[in-house]
Amino acid sequence: MPETYQTVSLIPFQLSCVGDININNFTADEGHLTVRQRSPQESLLVGETKFSFKTEISDTVADLDIFDGNVGIITVTREHTVDSNLSTEEQVYSVLAERREMHRKFLDGTDPAVSTIKSGIKCDISTSYVFTVYAFPDKEWVKPELVKAVFQPSMVGIEDSINFDEKTEEIEKITPIGAEWLKNNNSDIRNGVTGLISWSSVIVIAGRYNYVNDYVYLEKRLQHAWLSLYGKTEYLSTTIDKKSTIGSQEINRLREDTTFEILRVDEILDPSLPDRYSAILEKMIETSNFDKLKRKIDAQLKFLDIKATKQRENNENLSWGLITSFLFLIALITAYRSLSSLMAPAIGPLYSNLIAFIALAIIFAVFEVIIFRRFERE
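Everything numeric in this text was worked out from a predicted model, so none of it was measured.

Draft legend 1. Expanded view of the packing of aromatic side chains. Under the defined criterion, the tally for this structure stands at 10 aromatic pairs. The interplanar angle of 80° and the centroid separation of 6.4 Å between the aromatic rings of Phe136 and Trp141 together place this pair among those described as edge-to-face. Relative to Tyr230, the ring of Trp226 lies with its centre 5.2 Å away and its plane at 10°, an arrangement referred to as stacked. Of this pair, Trp226 and Tyr230 are both found in helix 6 (residues 213-241), 4 residues apart, which corresponds to roughly one turn of the helix.

Printed below as a string of structure tokens:
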């Protein structure tokens, strides 16, 4: 018997546009994108966007959100069918194989909805991954074993959806786990709703599909911040690998931007919101390695800050060395006539000038070696 479930796939990307992004960077018409009005709940949970659009292709609804920092997210909502009479292993294959093909088309641009959105963006965009949220109905055919296998593909021998290219002869046997696993891993405090959150996917089991919206909105919030921070760590990694330095002003700017991103994702400051949002967002942050990104960028900035301080000190030492050398040179030039005059009665004027010049040149050279080695040690 055919049964349905829903996926909401988030495709984060970085925009490459010249200058500030404005409405002219998008083809906003019925053939491409139409401006989308967000609900108050979505605006609050996702955070502020610069632009929001939508498009509908066949049975697929796709949204486009553009954030500060030239970060965007394409969101594709789609319904799927699966035969409830299949074995659990066959259902797992059906769901994961379809996800793999869907992700592939999202990333290579052959999916009709994604292709339509891309054609409406007058900038280059760079995508690298897809994050999918599943909405399963609260029905008997949705077994805990199916949910866990989709939630954690490695339990059936699939390490990653990207590597799931062909149907294997047999998916590894699924061990019965029972409903207790769902209860122990549930992040939703509402009755009748189960929310499972991992690094690779989110699964919501409920009587209505719209219960998944909370998770989608919060995942958008997190993915925006995650990609923004990831872009900064990549930039800093390139700088460090090239053994380049950036100035303290640029370091402070990046630190301020990073702090702002962290504050923007960590807390939703509205006392009227139910507690469930905080619990869901906290679990999403925990499983996304967002904290590792924060620690990495903090370490990178500290390293570059130390490097910039050392470079600044070296420049100051060099400046002081040059000033000291210049002053010493002036002193030697001043002493030249006196030294030459003292030698003249003994060796004659011609030789006294030459010897005085050679003596002062040697003294200056020795001084240069001493003074600059001293600054190098400092």
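Draft legend 2. Spatial organisation of empty space enclosed by the protein. By the definition in use, this model includes 1 cavity of 30 Å³ or more. The calculated volume of the largest cavity comes to roughly 30 Å³. Lining the largest cavity are Val46, Arg221, His224, Ala225, Glu261, Arg264 and Val265. Elements with a contribution of two residues or more to the lining of the largest cavity: helix 6 and helix 7 (248-266). Classifying every residue of the lining of the largest cavity gives 3 nonpolar, 1 polar and 3 charged.

Draft legend 3. Main features of the pairing of strand 4 (residues 60-67). Summarising burial for strand 4: 7 of the 8 residues are buried, a large majority. Direction of pairing for strand 3 (residues 51-57) relative to strand 4: antiparallel, over a ladder of 7 bridges. If you follow Phe53 over to strand 4, its bridge partner there is Leu64. Between strand 3 and strand 4, which follow one another and run antiparallel, lie 2 residues, and Ser58 among them has a positive phi close to 55°. Bridge count between strand 4 and strand 5 (residues 71-83): 7 bridges; the pairing is antiparallel. Of the residues in strand 5, the one forming a bridge with Val61 is Thr77. In sequence, strand 4 turns back onto strand 5 through a hairpin of 3 residues, with Gly69 there showing a positive phi of about 80°.

Draft legend 4. Structural detail: the packing of helix 6 against helix 7. At their nearest, the axes of helix 6 and helix 7 sit 9 Å apart, and the two run at 160° to each other. Classed by the angle they form, the pair helix 6 and helix 7 counts as roughly antiparallel. For the pair helix 6 and helix 7, the crossing hand works out as left-handed. Along its contact with helix 6, which presents Arg221, Leu222, His224, Ala225, Ser228, Leu229, Lys232, Tyr235 and Leu236, the element helix 7 presents Glu250, Leu254, Asp257, Thr258, Glu261, Ile262, Arg264 and Val265. Along the lines of polarity and charge, the residues of the contact of helix 6 with helix 7 split into 8 nonpolar, 3 polar and 6 charged.

Draft legend 5. Region of interest: the side chain of Asp111. Inspection of the secondary structure puts Asp111 in the loop between helix 2 (88-108) and helix 3 (112-119). Of the residues examined, Asp111 reaches a relative accessible area of 3% and is grouped as buried. Side-chain polar atoms of Asp111 contact the backbone nitrogen of Ala113, separated by 3.1 Å. With residues up to four places along the chain from it excluded, the contact list for Asp111 reads Arg78, Lys105 and Phe106.

Quick notes on the rules
Residues numbered from 1 in each chain as written. Predicted model: local features only at pLDDT ≥ 70, side-chain atom pairs only at ≥ 80, totals over all residues. Heavy atoms only, no water. Phe/Tyr/Trp six-rings, centres within 6.5 Å; stacked < 30°, edge-to-face > 60°. Helix = DSSP H or I, 4+ residues; strand = E, 2+ residues; numbered from the N terminus. 1 Å grid on protein atoms, 1.4 Å probe; cavity = no way out; pocket = protein on both sides within 12 Å on 5 of 7 lines; lining within 4 Å. Points joined across faces, edges and corners; volume = space filled by probe spheres on them. Nonpolar A, V, L, I, M, F, W, Y, C, P; charged D, E, K, R; others polar. Buried < 20%, exposed > 50% of the residue type's maximum accessible area, 1.4 Å probe, protein only. Pairing = 2+ DSSP bridges. Axes fitted to C-alpha atoms, helices over the stretch in contact; angles between N-to-C directions. Parallel < 35°, antiparallel > 145°, perpendicular 65-115°, else oblique. Left-handed = near helix turned anticlockwise from the far one by under 90°. Contact = heavy atoms within 4.5 Å. Polar contact = N/O pair within 3.5 Å; in protein donor to acceptor, adjacent residues only side chain to side chain.

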